[in-house]
Amino acid sequence: MSPAAPLLFFDSGVGGLSVLGPTRALIATAPIVYVADSAGYPYGTKTDAELAERLPKLLGRMVDQFRPRLVVIACNTASTIALDHVRAALDIPVVGTVPAIKPAAALSRSRVIGVLGTEATVRQPYVDDLAQRFAADCTVIRHGSPDLVAIAEAKLAGEAIGPEAIEDAIRPMLDQPRGDEIDTIVLACTHFPLLIEELSVAMPGVTFVDGGPGIANRISSLTQGQPWPDKAPESIAVFTGAPPSPALSASLARFGLTSIVSFHN
Ligand code: DGL
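Model, not experiment: these values are computed from the prediction. (Residues numbered from 1 in each chain as written. Predicted model: local features only at pLDDT ≥ 70, side-chain atom pairs only at ≥ 80, totals over all residues. Heavy atoms only, no water.)

Visitor: Explain the overall build of the protein to me, using residue names and the numbers behind them.
Guide: Across its full length, the protein holds 11 helices and 10 strands. On C-alpha atoms alone, the protein measures out to a radius of gyration of 18 Å, which is about the 18 Å that the 2.2 N^0.38 rule sets for 265 residues. With respect to the three principal axes, the spread of C-alpha positions in the protein is 50 × 40 × 35 Å. Residues classed as buried in the protein amount to 53% of the 265 residues present. Working note: accessible area of the protein is about 11,200 Å², and carbon and sulfur atoms make up 53% of it. (Helix = DSSP H or I, 4+ residues; strand = E, 2+ residues; numbered from the N terminus. Rg over C-alpha atoms; globule rule 2.2 N^0.38 Å. Buried < 20%, exposed > 50% of the residue type's maximum accessible area, 1.4 Å probe, protein only. Areas by Shrake-Rupley, 256 points an atom, 1.4 Å probe, with all protein chains shown as cover.)

Visitor: So what's going on with the sheet that holds strand β5 (residues 112-117)? Which residues, and what values?
Guide: Reading across the sheet, the four strands line up as β6-β5-β7-β8 and stay open at both edges, with parallel pairing between neighbours. The two strands at the open ends of the sheet, each matched to only one other strand, are β6 (139-144) and β8 (207-209). Across this sheet, the average inter-strand angle for adjacent strands is 25°, counted without regard to direction. With six bridges connecting them, β5 and β6 associate as parallel partners. Looking across to β6, one finds that Gly 114 is bridged to Ile 141. (Pairing = 2+ DSSP bridges. Axes fitted to C-alpha atoms, helices over the stretch in contact; angles between N-to-C directions.)

Visitor: Any chance you could break down the sheet that holds strand β3 (residues 70-73) for me, citing the residues and the numbers?
Guide: An order of β4-β3-β1-β2-β9-β10 is seen for the six strands of this open sheet, with the pairing classed as parallel. The two strands at the open ends of the sheet, each matched to only one other strand, are β4 (94-95) and β10 (257-262). Pairing of strand β1 (residues 7-11) with β3 involves four bridges; the strand directions are parallel. Opposite Phe 10, over in β3, you have Ile 73 as the bridge partner.

Visitor: Hey, could you go over the packing of aromatic side chains for me, with residue numbers and the actual values?
Guide: Each aromatic ring pair is summarised here by two numbers: the centre-to-centre distance and the angle between the ring planes. Counted by the stated rule, this structure contains one aromatic pair. A cation over an aromatic ring shows up here: Arg 69 above the ring of Trp 228, its NZ or CZ 3.7 Å from the ring centre. (Phe/Tyr/Trp six-rings, centres within 6.5 Å; stacked < 30°, edge-to-face > 60°. Lys NZ or Arg CZ within 6 Å of the ring centre and 35° of its normal.)

Visitor: Go over unusual backbone geometry with me, naming the residues and quoting the values.
Guide: In this structure, the amide linkage connecting Tyr 41 to the following residue, Pro 42, adopts the cis form with an omega of -5°. At Arg 178, a position not held by glycine, the phi torsion is positive, near 70°. With respect to the element layout, Arg 178 can be found in the loop between α8 (163-174) and β7 (184-188). Looking at Arg 178, the relative accessible area reads 37%, which means it is partly exposed.

Visitor: Mind laying out the pattern of salt bridges, listing which residues take part and the relevant values?
Guide: Applying the stated criterion to the full structure yields 10 salt bridges. Here Arg 178 makes a salt bridge to Glu 181, at a shortest N to O gap of 2.9 Å. Of the residues examined, Glu 181 reaches a relative accessible area of 34% and is grouped as partly exposed. Linked by salt bridges that have partners in common, Lys 155, Glu 197 and Glu 198 make up one network. (Salt bridge = Lys/Arg side-chain N within 4 Å of Asp/Glu carboxyl O.)

Visitor: So what's going on with helix α7 (residues 146-156)? Residues and values would help.
Guide: Leu 148, Val 149, Ile 151, Ala 152, Glu 153, Ala 154 and Leu 156 are the residues of α7 that are buried. Each element contacted by the buried residues of α7 is listed here: α1 (17-26), β5, α8, α9 (196-202) and α11 (246-254). After α7 finishes, the residue Gly 158 shows a positive phi value of roughly 90°. (Contact = heavy atoms within 4.5 Å.)

Following this line, the structure appears as structure tokens:
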């Protein structure tokens with residue numbers, strides 16, 4: 001294993017940064033290739049069939065190109081739909097992102113928890129299964145919000161986010177029966193931890209749980225004993241469609257992604 005072999009993070013857009021951040025905190029000098037499938041964004045409004053077809057092929061090409069030591073699907077939508085297909089297509093370890101229903105259920109006192117994801121993620125049988133296994137005594141209220149995904153992209157692109165936009169996006173969850181009793185929310189889309197300040201203002205007293213820190217631990221344990229560079233090398237952000245604006249490039253640079261590369265199908 002060469003110290004230069006990167007970790008490859010994959011998402012439709014900026015969401016995977018919420019997984020990259022905690023990973024960098026654990027493995028400071030890891031070489032990173034961050035792939036934003038901007039040509040396929042957004043995933044949450046696509047059909048399962050479209051994503052199951054797209055993702056193994058695209059990730060196969062990325063692995064051929066960048067030769068990572070490990071792939072992180074830093075996207076709940078892609079993971080809940082296509083993790084098995086991607087694992088079958090690749091011969092390196094693939095870490096997925098699973099809605100953090102188990103820790104949320106362990107924390108909730110009211111026994112009413114929210115699962116806030118994309119429309120595609122919240123309809124998955126995988127989520128039914130997690131709710132049944134780990135939150136059987138909880139009321140689990142799901143809401144899929146394409147608007148929050150777009151708001152997270154806008155925030156990282158330097159736009160100001162007004163509180164009304166967040167309130168409008170979460171209202172359909174809070175308006176469901178027992179929605180006012182939610183005390184813990186699973187951020188089941190990697191874009192949403194990027195809005196933690198705004199969400200905390202909109203829902204004071206609610207505890208938010210996301211998978212980022214747990215995935216970072218998993219990556220650290222899977223790569224234990226492997227060599228890393230002495231100092232962090234320049235890391236790469238790959239865009240499959242529209243390249244990032246200067247403001248978005250500045251946000252990427254804050255995560256150490258200073259080299260922007262276009263990759264067209
Ligand atoms: N970041 C993604 C997720 O975790 C997908 C957002 C989207 O493209 O709709 O589900």
